[in-house]
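Here is how the chains run, residue by residue.
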Amino acid sequence: MNLQAKNHQNSTPRCVQLRKLLESPDLEFLLEAHNGISARIAEQAGFKGIWASGLAISAQFGVRDSNEASWTQVVDMLEFMSDVTSIPILLDGDTGYGNFNNMRRLVKKLEQRNIAGVCIEDKVFPKTNSFIDGERQPLADIDEFCGKIKAGKDSQSAPDFCIVARVEALIAGWDINEALRRAEAYHAAGADAILIHSKLSRPDEVVSFAKEWQQRLPLVIVPTKYYSTPVEVFREAGISLVIWANHMIRASVAAMEQVSRHIQKHQSLVQIEDQIASVDRIFELQGADELSRAQQQYLKRKQTPHVIVLAASRGHALHELTDDRPKVMLSIGGKPLLRRLVDEFKKQSINNITVVAGYKAEAIDVANIKLRINAAYDQTGELSSLVCAEDAFHDDMIIMYGDLLFRSYILHDLLEHESEIVAVVDSSLNNPHTGHTQDLAYCSHPDNRSIFQHAVSLKCVRDQPVSGQGEASGRWIGMVRFRQQGRKWVEEALRELQGRDDFANLGMPELLNHLIEQGHVVHVHYVHGHWLDVNALVDIGRAHDFARGINP
Ligand code: SPV
Ligand code: MG
């Protein structure tokens, strides 16, 4: 859901909604909320309106309900509450935070924030909560309070903005006649409803008041102390609106106390994880989905390829080093090979990384990757592993071996290529550090001046020198990018190769060769050293040096 008010489902102005609640013949309810998230929860629970409680807003700030939070701090909080809801919010405006003039400015600021109404109580600024020494709190002068109501009504711009006048006479120890006298005066001054407050544990006072009052204006009550009264009693008494005034703050305090004590005592999250809201639920309440959709619409990110890393093999030639982990989890310079690879991807803003594991897959402990498993890793080759990651294929994807170490520019430069298929070939065949003979690359042009203004293409990749092909131009380093049509061609090639009896033995070179045989151009991106792969024990020392910045 879009959090902006314009997209809210209910398009009726909120002050009109609040007026309807006050004037409806049914008994209606408001629930307390004290910040954005509690307001959202109240709306999602089905409430038609919110009581922005002074007690609860003060409490969530950690201060007393005695005007210790400034009125602008309260209004700032209301803005958050209003932004994430579509139901009306009635502010508990205490005494109006000053005299008639403060009231005028308050009403103006509330309307600017789409608050539907304000309730002011006939006490003296700074007030304190009605349930703390209620009798000792002086009541406002009636005329002064009526002037405040009039000033508020005169300054509202929406005709349906509601001003509720709260009568504190019963709280302060006066009798029902004083309460009625005041309510009548406030009615005459233009109040839209009367809130009659009582601190008794039974509803007697408010029911007697309602009887005398005869519905001259809608009546609002706050049954915090007489909470056990069935709502039918209020309905029969002709009450309009019941406010459940502090139950969200009390519920959250109880939950926070329980959880914080538990974590402190047990130093563990195991028992409580299932009892508290999931992080996803928090994201949902924050409207994270809407932001993702908006980002797609407005924030065009540079597209980066998805990467598939083939990492299923044990690395037999590394002997006991791979007894308990696959080759890609070998620590090089204090960091597993695979972690180093992921770091390289991150540097290029590549976040979609799928790793096909096999041998000791459970030992792969690297964040930010998706794992696919080739369960038959010991009887199959690289193409079987690749098939395990087909669900991760993408219109722009890089496939690479998991045992590579390379300088960052190699991947960076590969990302600059526009061609549909590009293989990275190291032309430094005589590099003693990468002197293995496998994956020899035969290319259309060697890596010298002859390639000036020529696109170089791959002719084939072989494990052994091939007669009749001339000199190999380099070695394919185990990194290839497919874009656009390239992905489709890979999928087709895999289908065709799967028809072969020896598919289980096939590796990436066979895929490249097949693509070339099918007439697809595999472009070559030459590099000159600055990478290595870890195949044998002898490679480990080189890899440590490489990680320390000593070039192979
Ligand atoms: C509030 O919620 O802040 C109220 C209601 O004013 S009560 O605390 O019951 O007085
Ligand atoms: Mg209050």
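In this text, all values refer to a predicted model and were calculated from it rather than measured experimentally. (Residues numbered from 1 in each chain as written. Chains lettered and ligands numbered in written order. Predicted model: local features only at pLDDT ≥ 70, side-chain atom pairs only at ≥ 80, totals over all residues. Heavy atoms only, no water.)

### Focus on the pattern of salt bridges
Here's step 1: Tallied over the entire structure, the rule returns 38 salt bridges.
Here's step 2: Salt-bridge contacts for aspartate 403 lead to lysine 327; the nearest nitrogen and oxygen are separated by 2.8 Å. Here the residue aspartate 403 occupies a position in the loop between strand 14 (396-401) and strand 15 (404-406), and lysine 327 occupies one in the loop between strand 9 (306-311) and strand 10 (331-332), the gap between them amounting to 76 residues.
Here's step 3: With a relative accessible area of 8%, aspartate 403 lands in the buried category.
Here's step 4: Look at lysine 327 and you get buried, because its relative accessible area is 7%. (Salt bridge = Lys/Arg side-chain N within 4 Å of Asp/Glu carboxyl O. Helix = DSSP H or I, 4+ residues; strand = E, 2+ residues; numbered from the N terminus. Buried < 20%, exposed > 50% of the residue type's maximum accessible area, 1.4 Å probe, protein only.)

### A closer look at the packing of helix 4 (residues 71-83) against helix 5 (residues 100-112)
Between two packed helices, the angle of one axis relative to the other and the distance separating the axes together describe the packing.
Here's step 1: Two numbers describe how helix 4 lies on helix 5: the axes approach to 10 Å, and their chain directions differ by 20°. Between helix 4 and helix 5, the crossing angle belongs to the class labelled roughly parallel. For helix 4 against helix 5, the interelement crossing comes out right-handed. Seen from helix 4, the contacting residues are Trp71, Val75 and Leu78; seen from helix 5, they are Arg105, Leu106, Lys109 and Leu110.
Here's step 2: Considered class by class, the residues forming the contact of helix 4 with helix 5 number five nonpolar, no polar and two charged. (Axes fitted to C-alpha atoms, helices over the stretch in contact; angles between N-to-C directions. Parallel < 35°, antiparallel > 145°, perpendicular 65-115°, else oblique. Left-handed = near helix turned anticlockwise from the far one by under 90°. Contact = heavy atoms within 4.5 Å. Nonpolar A, V, L, I, M, F, W, Y, C, P; charged D, E, K, R; others polar.)

### Quick notes on the nonpolar core
Here's step 1: Grouped together as the largest cluster of nonpolar side chains are 68 residues, with contacts concentrated most on Leu458, Met479 and Leu511.
Here's step 2: In contact with leucine 511, not counting residues within four places along its chain, are Leu383, Leu386, Phe482, Val490, Ala493, Leu494 and Leu497.
Here's step 3: Residues Val74, Ala169, Ala191 and Leu219 belong to the second largest nonpolar core, which totals 59 residues. (Core = buried A, V, L, I, M, F, W, Y, C linked by side-chain atoms within 4.5 Å.)

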